[in-house]
Amino acid sequence: MASHSDTLVVFFGATAGANGGKLGSDEREIILLVWQIVDLHEKKVGKIQQRLIKPDTLELTDQCKEETGLTVEELGKADHLDTVLQQQAVSAEVKALGRSSYTLCVDGPLLIRQALHPEASKKNLVLPECFYQFVDLKREFHRCCPNAGPVKDLSLPSMLEYLCLPAVNEQLAGVREVKSMMMIIQHILAEPYNHKFSSLEPVKYKFESGACSKTEAVDSETVIRARGLPWQSSDQDIARFFKGLNIAKGGVALCLNAQGRRNGEALVRFINSEHRDMALERHKHHMGSRYIEVYKATGEEFLKIAGGTSNEVAQFLSKENQVIIRMRGLPFTATQQDVIGFLGPDSPVTDGTEGLLFVKFPDGRPTGDAFVLFACEQYAQNALKKHKQILGKRYIELFRSTAAEVQQVLNRYMSTPLISTLPPPPMVPVPVLAAPPFITTASTRDCVRLRGLPYTAGIEDILEFMGEHTIDIKPHGVHMVLNQQGRPSGDAFIQMRSADRAFMVSQKCHKKMMKDRYVEVFQCSTEEMSFVLMGGTLNRSGLSPPPCKLPCLSPPTYAAFPSPAAMLSAEALYQPPLLATPRTPQPPTHSPAPALTYYSPQPQLYMNMNMNYTAYYPSPPVSPSTVGYFAAPPGSMAAAVAQPPPPVLPQPGALVRMQGLPYNAGVKDILSFFQVKGWVCGWIDGRKE
């Protein structure tokens, strides 16, 4: 781009939906472009040009019709956006004035950043170079007249009023705004201001990948969380969704679940808070057929995902402008030459074996994952064609990856605990209740399930939602269900005093509003509640059992302990002081002496399920492990400690670890494997165990 000081093109646009300060927030297409050229040296002004643009969807909102005065019939006769861009009418007019370069001047960045670039990206249009930098009239006016107020509060009428200029009397939409902008520009160019337009707003051509350090300062006002992403989306796909906004270098971090698979979320860091605020306006915009939710996030959250680069990762990612591909499902015996041979000559790896990084456990065992660098997009595309082809006896998954994902995967596997290094848990005698006082396995339908809760809903919100029925809730009877990432899932279970009370709640509170959402309320039993928490589903037609085996599935990453995610948190339990009339559970009249056993010391907590069930789902998503807790009776710990320790009983069996299981192996396969007594090793689906 040549010097921007030669010529300014005053530029205005409108969409078929929201305009003004909400321009581009509703994904509606551009229907109007108006511009006028001004020669900054000769003070010459060209004619006002207006172009109507035919949208793919010929629908106008009432607000748009009122503000622009346009009709569907008029737009039906116009050209599409790509045709208008190809005409290059602006360039021809600039050349007619004897100038070779020009810069767009707009009333705020929304037209360029929130309307033109996103629409061109969705339609795969190539925008001219002039749309990658522009002059923001509001910022220039603030530099010229700092006492006029902050930039965000400026508008064309307020700027005209500050300069003591009359309002433009024009009926045509777009023409009125362009004439107002031209009056302001001509006034600040003259005495006594003599303003020089020197501040350009750039739009990045492409996203720059890179690594982030834990010690790097990340402003929380620049970070957002995108939720609902297709699992195969890459950092470039996310950058394309936010096209027009400038993302910081290495500012896209794809989030992984406990099994190391993408969970459909990403943290994105922008260059400043202004771009972050514009990104929030793209809440529920679409990526393909999916809508993406956009929320605020913090710098600490971003660093947890994207920070912490090890020396090995730093060296691997030191080569810039490389395309990263992740390989999953590699045989444990695969070597670097095996992988390079699998990719073939059409997909040369950058710097040979140096562009290949195997992921391993702390003891050096391979995980079956690897990352590969390619010098260009074409090589990466050729590699992706090998997706699910066979290497050895296994099919290999290939998909795009990011620098942040490399860091996450390496950090996750390198911190995985090993059974052999785990210290024995301290043994403390704790009385075991024959039947938990609050959560039982009775089939009495004395519980209700709340579905569709707002994600921000807490215990107090549920109390308010229940209203007069709050007094019928059992002590510790509210269970907030968290998802794999430890956030509210929108579900909760409530234990009522009786089945009649549960029925009454389900009738009176079903589809009652909580904040801006209606909540579904279903009556269920404690048995059904426990069944759902263990991975099954509850619906109107009955119970669906937890899934055990599906073909071609990827099991969760091996870990010594189950993931704490997706638990009923102790903090989320319904506390007695919050009850309208707290009730203390009565002890049984004939209570035998409590049996003692050994548990890890968890003060005031008992597990309400003795088994931790992990449901195998296709990748992605992966069903979380769910464990619930309820409070221990007062004094139980003290009573247990006061008793003399019982003799340690011998262990009924030994814990064994099976390596090299096929990804499609299920529980039945493992049980069948151990049916023949005396086997030390055997075969499952052609693999030695």
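Here the structure is a predicted model, which is why all the values come from computation and not from measurement.

Turning our attention to the overall build of the chain. What the chain contains, in helices and strands, is 20 helices and 30 strands. Taken across its 689 residues, the chain has 47% of its residues classed as buried. Expressed as a percentage of contacts within the chain between residues at least 6 apart in sequence, the contacts between residues at least 24 apart total 73%. When the accessible surface of the chain is summed, it comes to about 34400 Å², and 55% of that surface belongs to carbon and sulfur atoms.

Take helix H10 (residues 273-280) next. Those residues of H10 not exposed but buried are His275, Arg276, Met278, Ala279 and Leu280. Looking at the buried side of H10, the elements it contacts are helix H5 (110-122), strand S8 (223-227), strand S10 (262-270) and strand S12 (290-296). Among the residues of H10, the N-terminal cap falls to Asn272, whose side-chain oxygen and the backbone nitrogen of Glu274 are separated by 3.2 Å.

Spatial strand order, S20-S21-S19-S23-S22: 5 strands in an open sheet with antiparallel pairing. Each edge of the open sheet is held by one strand with a lone partner, namely strand S20 (473-482) and strand S22 (512-514). The average undirected angle you get between the axes of adjacent strands in this sheet is 30 degrees. As judged from the 5 bridges shared by strand S19 (residues 447-451) and strand S21 (residues 488-496), these two strands associate in the antiparallel manner. Its bridge partner lying in S21, Leu450 is registered against Ala492. In the packing of helix H16 (residues 459-466) onto the sheet, the strands contacted are S19, S20, S21, S22 and strand S23 (517-524), and the crossing angle to S22 comes to about 155 degrees. Of the strands in this sheet, S19, S21, S22 and S23 touch helix H17 (residues 499-509), which is tilted by about 155 degrees from S23.

For the chain, the average pLDDT comes to 76, and 73% of its residues sit at 70 or higher. Residue range residues 676-689 is modelled with pLDDT below 50. Its contacts to residues more than four positions away, or to other chains, number 31 contacts.

Right, let's get into the packing of helix H6 (residues 137-144) against helix H8 (residues 175-189). At a minimum axis separation of 11 Å, H6 and H8 run at an interaxial angle of 30 degrees. One finds that H6 runs roughly parallel with respect to H8. H8 is crossed by H6, and the crossing has left-handed handedness. Together, Leu137, Phe141 and Cys144 of H6 and Met181, Ile184, Ile185 and Ile188 of H8 make up the contact between the two elements. Per-class residue counts for the contact of H6 with H8 are 7 nonpolar, no polar and no charged.

Let us now look at the pairing of S23. The element S23 is largely enclosed, with a buried count of 6 among its 8 residues. Relative to S23, S19 runs antiparallel, the two sharing 5 bridges. What sits directly across from Cys447, in S23, is Cys524. In this sheet, S23 lies alongside S22 in antiparallel orientation, the contact comprising 3 bridges. Pairing of Lys512 across the sheet is with Val519, part of S23.

This brings us to the nonpolar core. Counting 49 residues, the largest nonpolar core has Phe11, Phe131 and Phe242 as its most contacted members. Ranked by the residues each element gives to this core, the list is headed by H5, at 6 residues. Not counting chain neighbours up to four residues away, the residues in contact with Phe242 comprise Ile224, Ile247, Val268, Phe270, Ala279, Arg282 and Val294. If you look at the next biggest cluster of nonpolar residues, it comprises 35 residues, including Ala14, Leu156, Met159 and Val175.

Another point: the sheet that holds strand S16 (residues 389-391). An order of S14-S15-S13-S17-S16 is seen for the 5 strands of this open sheet, with the pairing classed as antiparallel. Each having just a single partner strand, strand S14 (356-360) and S16 make up the two edges of the open sheet. Each strand axis lies, on average, 35 degrees off the axis of its neighbour in the sheet, ignoring direction. When S16 meets strand S17 (residues 394-400), the two strands line up antiparallel, connected through 3 bridges. Across the sheet, residue Leu391 finds its bridge partner in S17, namely Arg394. Contacts from helix H14 (residues 377-384) reach strand S13 (323-328), strand S15 (366-374) and S17, with the element oriented near 150 degrees to S17.

Below, the discussion takes up unusual backbone geometry. A cis amide bond links Glu191 to the next residue, Pro192, at an omega of 0 degrees. The backbone phi angle of Asp351 is positive, close to 55 degrees, even though this residue is not glycine. Within the fold, Asp351 resides in the loop between helix H13 (336-343) and S14. Since its relative accessible area comes to 48%, Asp351 is described here as partly exposed.

Rules used throughout
- Residues numbered from 1 in each chain as written.
- Predicted model: local features only at pLDDT ≥ 70, side-chain atom pairs only at ≥ 80, totals over all residues.
- Heavy atoms only, no water.
- Helix = DSSP H or I, 4+ residues; strand = E, 2+ residues; numbered from the N terminus.
- Buried < 20%, exposed > 50% of the residue type's maximum accessible area, 1.4 Å probe, protein only.
- Contact = heavy atoms within 4.5 Å.
- Areas by Shrake-Rupley, 256 points an atom, 1.4 Å probe, with all protein chains shown as cover.
- Polar contact = N/O pair within 3.5 Å; in protein donor to acceptor, adjacent residues only side chain to side chain.
- Pairing = 2+ DSSP bridges.
- Axes fitted to C-alpha atoms, helices over the stretch in contact; angles between N-to-C directions.
- pLDDT = per-residue confidence, 0-100.
- Parallel < 35°, antiparallel > 145°, perpendicular 65-115°, else oblique.
- Left-handed = near helix turned anticlockwise from the far one by under 90°.
- Nonpolar A, V, L, I, M, F, W, Y, C, P; charged D, E, K, R; others polar.
- Core = buried A, V, L, I, M, F, W, Y, C linked by side-chain atoms within 4.5 Å.

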